[in-house]
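Fold and geometry: a report
The chain contents come next:
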Amino acid sequence: MVVLSCPPMADRVAPDRTVAFLGPSGTFTEEALRTQPDLAAARPLPQRSFAQVLAAVEDGRADFGFVAIENAIEGSVVAALDQLVFERELLIVREVLLPITQHLLAPPGTALADVSRVLSFPVATAQCRAWLGANLAGVEELAATSTSEAVRIVAEERPAGTAAIGTALAGSLYGLEVLAAGIEDHEHNVTRFVLVAPPAAGVPAPTGHDKTSIVCFQSADRPGSLHGILGQFSARDINLVKLESRPTKQALGEYCFIVDFEGHVADEVVADCLRDLHVTLRELKFLGSYPAAGESGPRRRRDARDAWAAADGWIAGIRRTIHDPA
Ligand SMILES: O=C(O)C(=O)C[C@]1(C(=O)O)C=C[C@@H](O)C=C1
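Since we're looking at a predicted model, the values are computed, not measured.

Where helix α9 (residues 225-235) is concerned, the buried positions are Ser 225, Ile 229, Gln 232 and Phe 233. On an axial view of α9, the arc spanned by its buried residues comes to 95°, and they lie on one face. In this structure, α9 carries His 227, Ser 234 and Ala 235 as exposed residues pointing more than 90 degrees from its buried face. Next to the buried residues of α9 lie β12 (210-217), β13 (240-247), β14 (255-262) and α10 (268-280). Backbone geometry just downstream of α9 places Asp 237 in the positive-phi region, at approximately 60°.

Written out as C-alpha cells, the structure reads:
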C-alpha cells in the first residue's frame with residue numbers, strides 16, 4: 001500500500017526545482033520522495049540532518065524540503081517537527097504516507113550470532129525495539145545520521161560485529177545482505193512525510209480533500225484553555241486529525257498545541273475558526289493547508305462544510321438588507 005497524494009497541476013514541482021531531503025541515497029525519505037513523480041524528477045539535494053534540509057530551503061539553496069514528521073509506532077519525529085514549529089518559517093505544501101519495512105543488513109556471510117552492535121537512525125531503531133529484544137538481546141545500539149548512512153558505514157568501514165537497520169534499497173546500493181526482513185514491531189508501520197516551501201511560494205489550491213496544520217501558543221496557562229481551543233473546532237464540526245502538545249522551551253511546564261485538522265484555509269468555516277483562535281491566543285502559527293494523503297477522513301466532512309457555506313450565504317443575504325444609517 002503506497003498512498004499517493006495527487007496535487008493539482010499548479011502545485012506540482014517543476015523539474016528545474018531543487019528538493020532537499022535526508023540522505024545519503026537509500027533513506028526512507030528518498031523512497032517516499034520517489035513515490036511522487038514530480039519530486040522524483042526534480043533536482044535532489046541530500047543533506048545530513050533535518051535541520052540542514054530545512055535550512056537549505058530557508059537560505060534558498062533548495063526550493064523545497066522533504067522530511068519525515070510522524071511515525072505510526074514512534075509518534076512525532078520531534079527533531080523535524082520542532083524545527084517547523086519553533087525554528088523555521090516554512091509552509092507545508094504536501095503530505096506523503098509511506099509504509100515502512102525495516103531490514104537488518106550486514107556484510108555478506110554474516111550470521112545473526114555474529115552481531116554484537118546495531119547501527120541506525122534512532123527513529124528506525126525504536127521501531128524494532130521488540131524484535132531486537134527477542135532476537136539480539138543486549139547488543140549495543142549506535143546512532144547514525146540516517147538509516148542509509150548506517151548502511152554505508154557498515155558496508156564501507158566494516159566495524160566489527162556491526163549490522164545496520166535500513167531499507168532494502170540501501171542494502172543493495174551499498175552491497176549489504178538482508179539478515180532479517182520486516183523487523184519492525186508492528187505490521188502497520190507507516191511514516192508521514194511533508195514537503196515544505198518558503199511562505200512566498202504560497203498555499204496550495206484547495207482540492208476538497210485537504211488538511212490544515214497550526215500551532216496554538218496560549219496567552220496564559222489557565223484552566224480550560226485547551227478546552228477553549230478544541231471548542232472552536234467542535235462548534236464548527238471540524239474534525240481534528242492530530243493534537244500534540246510540545247514544550248515551548250521558554251519555561252518548564254509551558255506547552256503549545258500542534259493541531260492538524262480536516263479542511264483548507266480557503267473554506268469559510270476554517271477561516272472563521274482561525275479568526276476566533278487568532279483573537280484569543282497569544283500567537284497562532286499557520287503551518288499550511290495542503291492536500292491530505294489517503295482516502296479516508298477529509299472527504300467525509302464536505303457536507304458539513306457545504307452546509308456551513310450555505311448558512312454563511314444566508315446570513316450575508318440578510319445583512320445585505322440592513323438599512324444604511326446615513
Ligand atoms: O533514516 C531514514 O532513512 C529516514 O528517512 C528518516 C526516517 C524518520 O526520521 O522517521 C524516515 C522513516 C522511518 O520512519 C525511519 C527513519
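On to the side chain of Lys 211. For Lys 211, the position within the fold is in strand β12. Within polar-contact distance, the side chain of Lys 211 engages the side chain of Glu 95 at 2.9 Å. Non-local contacts of Lys 211, meaning those with residues more than four positions away in its chain, are made with Glu 95, Arg 192, Val 241, Phe 261, Gly 263, Gly 288, Ser 289, Tyr 290 and Ala 292.

Here we come to the site of the ligand. By nearness alone, 16 residues border the ligand, and Phe 28, Thr 29, Gln 127, Thr 147 and Thr 191 come closest of all. Here an oxygen atom of the ligand sits 2.8 Å away from a polar atom, N or O, in the side chain of Thr 191. Considering the ligand on its own, with 360 Å² of exposed area, one finds that the protein chains cover 100% of that surface. Placement of the ligand is best described as lying within the largest cavity. Within the residue set of the shell around the ligand, elements represented by two or more residues are α1 (28-34), β3 (64-71) and β11 (190-197). Across the shell around the ligand, the residue classes break down as 9 nonpolar, 7 polar and no charged.

A few words now on the UniProt feature "domain: Prephenate dehydratase" (unreviewed entry) in the protein chain. Under the feature "domain: Prephenate dehydratase" (unreviewed entry), the UniProt entry names residues 18-198. The span residues 18-198 is 34% helix and 33% strand, and its two end C-alpha atoms sit 13 Å from each other.

With that settled, consider the layout of surface pockets. Looking at the second largest pocket, its volume works out to about 150 Å³. Lining the second largest pocket are Ala 10, Asp 11, Arg 12, Val 13, Phe 64, Val 93, Arg 94, Leu 195, Ala 201, Gly 202, Val 203 and Pro 204. The residue makeup of the lining of the second largest pocket, split by class, is 8 nonpolar, 1 polar and 3 charged.

Reading guide: rules and limits
Residues numbered from 1 in each chain as written. Predicted model: local features only at pLDDT ≥ 70, side-chain atom pairs only at ≥ 80, totals over all residues. Heavy atoms only, no water. Buried < 20%, exposed > 50% of the residue type's maximum accessible area, 1.4 Å probe, protein only. Helix = DSSP H or I, 4+ residues; strand = E, 2+ residues; numbered from the N terminus. Arc of directions from axis to C-beta. Contact = heavy atoms within 4.5 Å. Polar contact = N/O pair within 3.5 Å; in protein donor to acceptor, adjacent residues only side chain to side chain. Near = heavy atom within 4 Å. Areas by Shrake-Rupley, 256 points an atom, 1.4 Å probe, with all protein chains shown as cover. 1 Å grid on protein atoms, 1.4 Å probe; cavity = no way out; pocket = protein on both sides within 12 Å on 5 of 7 lines; lining within 4 Å. Sits in = over half its atoms within 2 Å of the grid points. Nonpolar A, V, L, I, M, F, W, Y, C, P; charged D, E, K, R; others polar. UniProt positions renumbered as here; feature names shortened; annotations may be inferred. Points joined across faces, edges and corners; volume = space filled by probe spheres on them.

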